[in-house]
Amino acid sequence: MNWVYIEDISNFKDQEVEIRGWVYNKRSSGKIRFLLVRDGTGILQGTIFSPKKDSPLFKQFDDLTQESSIIIRGRVREEKRAPGGHEINIEEINIVQIAQEYPITPKEHGIPFLMEHRHLWLRSQKQHAVLQIRTELVKAIRNFFDGRGFRLMDTPILTPSACEGTTTLFETKYFDQKAYLSQSGQLYNEATIGAFGKVYCFGPTFRAEKSKTRKHLIEFWMVEPEVAFATLDDTIELGEDLIIYIIERILEKNKNELKILERDTKLLERIKKPFPRITYDEAQKKLKEKGSKMEWGDDFGSPEETLMSNIYDIPVCVTHFPAKIKAFYMQPDSKRPDLVLGVDVLASEGYGELIGGGQRIHDLDLLEKKIKEHNLPRKAYEWYLDLRKYGSVPHSGFGLGIERTLSWICKIKHIRETIPFPRLLYRIYP
RNA sequence: UCCUCGGUAGCUCAAUCGGCAGAGCGGGUGGCUGUUAACCACCAUGUUGUAGGUUCGAGUCCUACCCGAGGAGCCA
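We now turn to the structure provided with this report. These numbers come from a predicted model, not from an experiment.

1. Details of the overall build of chain A
Line of reasoning, step 1. The number of helices and strands found in chain A is 13 helices and 16 strands.
Line of reasoning, step 2. The principal-axis extent of the C-alpha atoms belonging to chain A is close to 90 × 55 × 40 Å.
Line of reasoning, step 3. The buried share of chain A, taken over its 430 residues, is 51%.
Line of reasoning, step 4. Counting every atom, chain A has about 21,600 Å² of accessible surface; 52% of that belongs to carbon and sulfur.

2. Describing the nonpolar core
Line of reasoning, step 1. Within the largest apolar cluster, 45 residues are counted, with the highest numbers of intra-cluster contacts made by Ile141, Phe145, Ile243, Leu400 and Trp408.
Line of reasoning, step 2. Going through the elements one at a time, helix H4 (125-147), strand S10 (198-206), strand S11 (219-228), helix H6 (232-253), strand S14 (339-346), strand S15 (353-360), strand S16 (395-401) and helix H13 (402-410) are the ones with two or more residues in this core.
Line of reasoning, step 3. Take this core: its biggest share by element is 10 residues, from H6.
Line of reasoning, step 4. Sequence-distant contacts of tryptophan 408, defined by excluding residues within four places in its chain, comprise Ile243, Ile247, Arg263, Ile271, Pro315, Ala347, Ser348, Glu349, Tyr351 and Leu354.
Line of reasoning, step 5. Core analysis: the second largest hydrophobic core is formed by 26 residues, Ile278, Phe300, Val340 and Tyr384 among them.

3. Here we look at the sheet that holds strand S2 (residues 32-38)
Line of reasoning, step 1. Strand order in this closed barrel of five strands is S1-S2-S3-S5-S4, and the pairing throughout is mixed. Direction aside, the axes of adjacent strands within the sheet are offset by 55 degrees on average.
Line of reasoning, step 2. Bridge count between strand S1 (residues 16-29) and strand S4 (residues 69-78): seven bridges; the pairing is antiparallel. Bridge pairing in S4 links valine 17 to glycine 74.
Line of reasoning, step 3. Helix-sheet contacts for helix H1 (residues 56-63) involve S1, S2, strand S3 (43-49) and strand S5 (86-97), and the interaxial angle to S5 is about 70 degrees.

4. Notes on the protein's contact with RNA strand B
Line of reasoning, step 1. Taken together, 54 residues lie near RNA strand B, and Arg27, Glu87, Pro106, Arg214 and Arg404 sit nearest.
Line of reasoning, step 2. Expressed as a percentage, the sugar and phosphate content of the atoms of RNA strand B within 4 Å of the protein is 48%.
Line of reasoning, step 3. Lysine 31 places a polar main-chain atom, nitrogen or oxygen, 3.5 Å from a phosphate oxygen of RNA strand B.
Line of reasoning, step 4. Serine 302 is positioned such that a nitrogen or oxygen atom in its side chain is 2.8 Å from a phosphate oxygen of RNA strand B.
Line of reasoning, step 5. For the surface near RNA strand B, the secondary structure elements donating two or more residues are S1, S2, S3, helix H2 (111-116), S11, helix H10 (302-311) and S15.

5. A closer look at the sheet that holds strand S7 (residues 158-159)
Line of reasoning, step 1. Spatial strand order, S7-S9-S8: three strands in an open sheet with antiparallel pairing. Every other strand in the sheet has two partners, leaving S7 and strand S8 (171-174) as the edge strands with one partner each.

6. A few points about the packing of aromatic side chains
Two aromatic rings, taken as a pair, are described by how far apart their centres are and by the angle between their planes.
Line of reasoning, step 1. Considering all chains together, one arrives at 17 aromatic pairs under this definition.
Line of reasoning, step 2. When the centroid spacing of 5.8 Å and the interplanar angle of 90 degrees are considered together, the rings of tyrosine 280 and tryptophan 296 count as edge-to-face. Remark: tryptophan 296 occurs in the loop between helix H9 (280-289) and H10 and tyrosine 280 occurs in helix H9; sequence separation between them is 16 residues.
Line of reasoning, step 3. Residue classification places tryptophan 296 among the partly exposed residues on the basis of a relative accessible area of 36%.

7. Quick word on the side chain of arginine 360
Line of reasoning, step 1. Within the secondary structure, arginine 360 sits in strand S15.
Line of reasoning, step 2. According to the relative accessible area criterion, arginine 360 is buried, its value standing at 3%.
Line of reasoning, step 3. Once residues within four sequence positions are removed from consideration, arginine 360 is found in contact with Gln186, Glu190, Glu226, Tyr329, Gln331, Arg388, His395, Ser396, Gly397 and Phe398.

Conventions used here
Residues numbered from 1 in each chain as written. Chains lettered and ligands numbered in written order. Predicted model: local features only at pLDDT ≥ 70, side-chain atom pairs only at ≥ 80, totals over all residues. Heavy atoms only, no water. Helix = DSSP H or I, 4+ residues; strand = E, 2+ residues; numbered from the N terminus. Buried < 20%, exposed > 50% of the residue type's maximum accessible area, 1.4 Å probe, protein only. Areas by Shrake-Rupley, 256 points an atom, 1.4 Å probe, with all protein chains shown as cover. Core = buried A, V, L, I, M, F, W, Y, C linked by side-chain atoms within 4.5 Å. Contact = heavy atoms within 4.5 Å. Pairing = 2+ DSSP bridges. Axes fitted to C-alpha atoms, helices over the stretch in contact; angles between N-to-C directions. Near = heavy atom within 4 Å. Polar contact = N/O pair within 3.5 Å; in protein donor to acceptor, adjacent residues only side chain to side chain. Phe/Tyr/Trp six-rings, centres within 6.5 Å; stacked < 30°, edge-to-face > 60°.

Written out as structure tokens, the structure reads:
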């Protein structure tokens, strides 16, 4: 018999097929029974029809519990009354396992309970839809960079010291030395561009910050392109192109998932290039007018990010930040040395920073000076300084947070639902 | 780390002034030939987060602790 997946069911009209999956729900009405089966690709309604009450199929149906694993066989029909428009007349049920009483019922549950059952919660429709979009998002990102000739460079997760020094790192043992979990692959990719020209890394990132908000994960995924000879403007344009490519791709491939999530796709459809650009100076002034207490020299707070996304209905690029609120490697603006050539791309609809990046310092003397100013251990950065000794070039890049981007596209309230097993402050189970 | 809120049946919640701990879902039993989180009838379900205190009497008041949620700072 023909084992098929539910997503392909419309190709098997009036044919005998086999479906392997789990009981999503069941209903009965006297001599007709309805079985909703889930197989990871969709949900299909099966019917059992019998004039006799003591039919063996009915007995099997009655034994089934929510999430029991089964293999069913029968003929596929088009059926307007069935959810999804297709239905299977069940002729045979093969019970793989009768599930114990399933904790997640088709009613409401609280967040603590669902988080405790994350391993099962993934089976629910909305969670399934978000993660389905996640796989498409990752594929889109890879296609985008591969299609533009970027080389994938996997940067190390175990690193000998702080990449940026400022944020908190997870410390671990490396035999008889200390090591830290990576919080960015950027510095390493500033080396690989010397070998490959344009590169990207895509991997997990760890931040031991005690952040407890809907925008933070302790472990998250980030894609970081880096391009030799690229300026700030080049990197902004690359970021815009990437975001637009992702959106177009998901709008095309994930119509069904976006519908399940009740996402208003009009807000995504109107995102076009170029994104509005605003300097830090202008942004600070504008925010002050709108009632923010932010002074020149302060970094954007959460209320400021929200204010910004109320002003614009597509993502906005903020550039030219005060040097003192940004990382040591950022290239100063030649006209205003107190500013750096950095960019933050803030999402629309209040989803915060999607991209952070900019142009890096390529001058050896300047970089040495900055390392000293930031009290960083010079020895750890010897290799990084080497890159400025042997054919140094202006170069730029950025990092885009996968989960932030996904929560924005799906309009999910909390970032914890955008990764199968979120690592959060105070939660590492399951 | 700080601020705010919460913890009662498997789940979601209710319980008036401190006075018998209860409803829906889920589970069980029966009914129904097109259900859409089906419906109808009946049945069972409790260390009220933990420890102590006040009181004739505590889910309710007090103290400490534990766990969780929302937010801030920091960031992608």
